[in-house]
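Analysis of the macromolecular model
The lines below spell out each chain.
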Amino acid sequence: MLEVRNLHARVEGKEILRGIDLTVAAGEVHAIMGPNGSGKSTLAQVLAGRDTYEVTAGEVRYQGQDLLDMAPELRAVEGVFLGFQYPVEIPGLNSLYFLRAAVNAGRAHRGEEELDAMDFMALAKERMQAVEMGEDLLRRPVNAGFSGGEKKRAEIFQMTMLEPTLAILDETDSGLDIDALKVVAQGINLFRGPERAIILVTHYQRLLNYVVPDVVHVIHNGRLVKSGGKELARELEDTGYSWVEESAGEEPAAAADRSQGA
Amino acid sequence: MSQAASEHQGYLEDFEKLNARVSGNGGGWAGELRRRAMERFRHLGFPSTRHEEWKYTSLEPLRKACLRTPDVSGGAVAWRCDRFDSEGWDRHALTFPWDGANASPDGDGDDLFIGRLATAMEGRPPWVEAHLGRHADYDDHALRALNTAFLEDGGAVWLGPGRVLERPVHMAFAAVPEHASGGIVHPRTLVVAGAGSRLTLVETYSGSGEGVYCTNAVTEIVLEDDAELDHYRLVREGGGAFHLGTVQVHQARNSRYRSLSVTSGGSMTRVEINALLDGEGADCLLQGLYVAGGTQHVDNRTAIEHARPHATSRELYKGVLSGRSRAVFNGKIVVRKEAQKTDAQQSNKNLMLSRDAEIDSKPQLEILADDVRCSHGTTIGQLEEDELFYLRSRGLNEGLAKELLVHGFAGEVLDGIAIEPLREGVENGVLSELGI
Ligand SMILES: Nc1ncnc2c1ncn2[C@@H]1O[C@H](COP(=O)(O)OP(=O)(O)OP(=O)(O)O)[C@@H](O)[C@H]1O
Ligand SMILES: [Mg+2]
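Since this is a predicted model, take the numbers as computed values, not measurements. Residue positions are counted from 1 within each chain, in the order its sequence is given. Chain A is the first chain written and ligand 1 is the first ligand written, with later ones labelled in order. Reporting in this predicted model follows two pLDDT cut-offs: at least 70 for local features of residues, and 80 or more for side-chain atom pairs to be given and counted; totals over whole chains, interfaces and linings ignore these cut-offs and use all residues.

1. Here we look at the environment of Gly435(B)
Inspection of the secondary structure puts Gly435(B) in the segment after helix H9 (420–431). Setting aside chain neighbours within four positions, we find Gly435(B) in contact with Gly293(B), Ser322(B) and Gly323(B). Counting from the N terminus, the helices are DSSP H or I runs at least four residues long and the strands are E runs at least two residues long. Contact criterion: two residues are in contact if their C-beta atoms, reconstructed from the backbone, are within 7 Å.

Next comes the structure, spelled out in structure tokens:
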């Protein structure tokens with residue numbers, strides 16, 4: 001579904017992604033872990049089409065298409081979803097109105113009829129229940145004044161409404177209390193399916209207890225330096241990243257064998 | 001001087017014609033008012049940009065256009081082409097030019113009058129003579145002087161003490177196509193709200209097409225003790241039009257005035273809203289939205305004068321500018337020496353959608369009392385990249401994303417329009433002027 005090859009990206013003259021190779025097949029859940037500032041969010045944002053980051057080399061194919069060539073909104077309607085590490089507050093824009101426009105943008109793209117306000121509300125109510133999100137949040141402007149946890153829950157709710165094919169969740173588990181974490185994990189698990197893929201960016205094993213990943217990657221200094229099974233995450237929890245930093249100069253062997261090179 | 005004289009020739013001729021057709025209307029008293037005002041106008045002439053208050057807004061194009069007032073009954077308010085004609089809300093409607101259909105918008109009674117100013121002047125009830133022309137001072141203001149000189153018709157409302165009006169009064173001034181080219185009209189409105197009375201007033205000024213015409217409107221509002229008024233003043237003139245307007249409010253003790261002014265359309269728009277808080281505990285809220293695109297020029301000027309203690313004023317004006325448009329905001333707050341415990345806040349926020357648009361924003365605080373709370377702030381910014389990307393990442397195309405953000409920005413003001421169909425009409429119509 002997703003093939004990232006030798007991806008390099010920089011911002012303000014500083015190289016942040018320095019050769020990312022990553023292949024995600026339909027049905028898989030990949031976790032990406034790594035120290036602060038290693039480039040996790042940059043990778044997520046580049047995949048979603050943020051143009052603050054300049055892609056200097058490499059390519060990304062998504063369902064056979066050249067993803068980097070697509071506008072952010074086209075990626076979205078083609079099924080790419082980014083759950084933001086820091087969801088943006090938009091005072092003055094009603095959440096329901098926004099989300100209906102987003103859902104209908106996707107439907108229009110697929111040649112489906114737009115949902116009217118009533119059908120949309122019915123769907124929204126059903127999905128809200130799944131992530132135990134209060135309806136009152138939806139009556140407020142987009143993320144405006146939401147607590148950290150509420151924002152993350154709202155991201156998952158948006159995901160379930162937009163029904164993407166590839167969901168990239170950037171630290172959606174950060175800032176959640178135990179109960180909220182379970183609810184969010186449940187939302188993700190419901191969403192999981194053979195046609196879909198998920199990339200989870202996380203710092204903690206916690207989430208991975210509930211959403212068990214197929215592959216875990218370690219990112220360091222703009223490269224995936226190690227990949228393994230779910231036990232790698234547990235290992236990291238015990239040992240931290242110091243060993244990664246020591247071997248950071250070496251080639252990312254584990255990642256390399258999953259890709260065909262640039 | 002001779003140049004000025006010839007420039008004024010058209011106005012003088014039209015003034016004489018008006019006097020001939022309205023003689024008797026309001027009697028000698030009104031005629032005297034008009035004559036004095038015309039004298040002032042001849043003396044003052046149109047202000048140039050050397051005049052401090054007209055530094056950023058030139059009336060040269062208006063002066064050169066030598067516009068004429070139609071010589072028909074009600075010519076000074078000859079109108080009809082309403083871009084604010086939203087359906088679905090119940091109101092007392094006053095439509096100008098007068099079409100007779102609404103000759104009496106169920107506004108006659110012992111304790112109220114809702115109707116034409118011309119009718120009110122004929123009847124000469126005490127509230128007309130006591131207030132008409134007494135608040136909107138024209139001694140140093142050429143345009144108000146001109147409006148007063150051409151005082152012929154417009155809307156009038158009088159509410160007796162304690163009278164609460166459930167339905168809003170809507171005064172719709174709309175340009176008539178045949179007059180919308182080359183004409184200047186001077187609608188005049190008087191609202192007198194007796195002690196403890198309450199009403200909502202909607203004034204709309206609109207026109208379409210690209211013809212050059214001018215609306216030069218004056219509204220006088222008197223709020224007696226404890227009276228309450230919600231006032232929506234909405235402007236969307238035709239593309240070639242000038243809109244000049246003054247709202248002059250006199251507030252007595254514990255009265256509440258809430259104004260929401262929308263200025264859009266036209267080639268040049270200038271609206272001045274002045275409130276005199278002349279009673280303890282008076283409360284004044286001024287909200288405004290100005291929207292300009294292309295080469296439009298829009299100038300909003302407000303003055304809140306705290307003359308008595310314990311009064312409160314709040315002000316929020318927001319602007320959205322695109323293309324090569326230009327906007328001016330000047331917010332004056334005066335706190336007189338005796339107006340202790342004044343609480344005044346002012347804020348002006350601007351959203352610039354293009355690099356070529358310009359805003360001149362100027363707060364002007366004159367505080368003579370020492371125990372007051374006054375603050376003001378101005379912001380000028382662009383659309384937030386973060387917000388734009390967030391919306392696009394959810395599948396909204398760039399144009400729609402921008403539109404939603406602009407609507408969100410304007411919503412802080414427009415959401416104050418409690419009449420839902422009107423709010424929707426304003427939001428969709430006015431923001432389309434931006435061409436995004
Ligand atoms: N817009 C930007 N301008 C300048 N530097 C940036 C920008 N965005 C990211 N960076 C830098 O790029 C590096 C990687 O940032 P990124 O946000 O991708 O890290 P991360 O792995 O997501 O970290 P965290 O775990 O703290 O979320 C950091 O050093 C950061 O300061
Ligand atoms: Mg991050």
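2. Examining the site of ligand 1
Near ligand 1, the surroundings consist of 13 residues, among which Asn36(A), Gly37(A), Lys40(A), Ser41(A) and Thr42(A) are the closest. In terms of residues, the shell around ligand 1 owes the most to one element, helix H1 (residues 40–48) of chain A, which gives 3 residues. Only the C-beta atom matters for this test: placed from the backbone, it must lie within 6 Å of a molecule or strand for the residue to be near it.

3. Some words on the sheet that holds strand E1 (residues 92–96) of chain B
All names here are of chain B. Should DSSP find at least two bridges between two strands, the strands are taken to pair. Across the sheet, 9 strands lie side by side as E1-E5-E8-E10-E12-E14-E16-E18-E20; this open sheet has parallel pairing. Two strands bound the open sheet, and with one partner strand each, they are E1 and strand E20 (373–381). Going from strand to strand, the sheet's axes swing by 5 degrees on average, the running direction of each strand aside. Where strand E16 (residues 312–321) meets strand E18 (residues 343–352), 10 bridges bridge the pair, whose relative direction is parallel. Considered in E18, the bridge of Leu321 is made with Met352. Seen against the sheet, helix H8 (residues 398–414) touches strand E12 (256–265), strand E14 (283–292), E16 and E18 and runs at an angle of roughly 155 degrees to E16. Every axis corresponds to a line fitted to the C-alpha atoms, with the helix fit spanning only the stretch in contact, and the corresponding angles, defined between N-to-C directions, vary from 0 to 180 degrees.

4. Some thoughts on the packing of H8(B) against H9(B)
Residues and elements named next belong to chain B. At their nearest, the axes of H8 and H9 sit 11 Å apart, and the two run at 135 degrees to each other. Relative to H9, H8 is oriented oblique. Crossing of H8 against H9: the hand is right-handed. In this structure, H8 contributes Val406, His407, Ala410 and Leu414 to the contact, and H9 contributes Arg423, Val426, Glu427 and Leu431. Each residue belonging to the contact of H8 with H9 can be placed in one class, and the counts come to 5 nonpolar, 1 polar and 2 charged. Note that the term roughly parallel is reserved for angles under 35 degrees, roughly antiparallel for angles over 145, roughly perpendicular for angles of 65 to 115, and oblique for everything else. Handedness of a crossing follows from how the near helix is turned relative to the far one, being left-handed for an anticlockwise turn of less than a right angle and right-handed for a clockwise one. Just so you know the grouping, Ala, Val, Leu, Ile, Met, Phe, Trp, Tyr, Cys and Pro go in nonpolar, Asp, Glu, Lys and Arg go in charged, and all remaining residues, Gly too, go in polar.

5. Points about H9(B)
One turn of an α-helix holds 3.6 residues; hence residues three or four places apart share an orientation. Residues and elements named next belong to chain B. Here a helix's expected span is defined as the number of its residues, less one, multiplied by 1.5 Å. Its 12 residues give H9 an end-to-end C-alpha distance of 16 Å, which sits within 8% of 16 Å, the value for a rise of 1.5 Å per residue. Three or more residues of H9 are buried, namely Leu422, Gly425, Val426, Val430 and Leu431. If you follow the buried residues of H9, they end up packed against strand E8 (198–206), strand E10 (228–237), E12, E14 and H8. Exposure classification rests on a simple neighbour count of other C-beta atoms within 10 Å of a residue's own: a residue reaching 20 or more is buried, one at 12 or fewer is exposed, and one in between is partly exposed. C-beta atoms are placed from the backbone.

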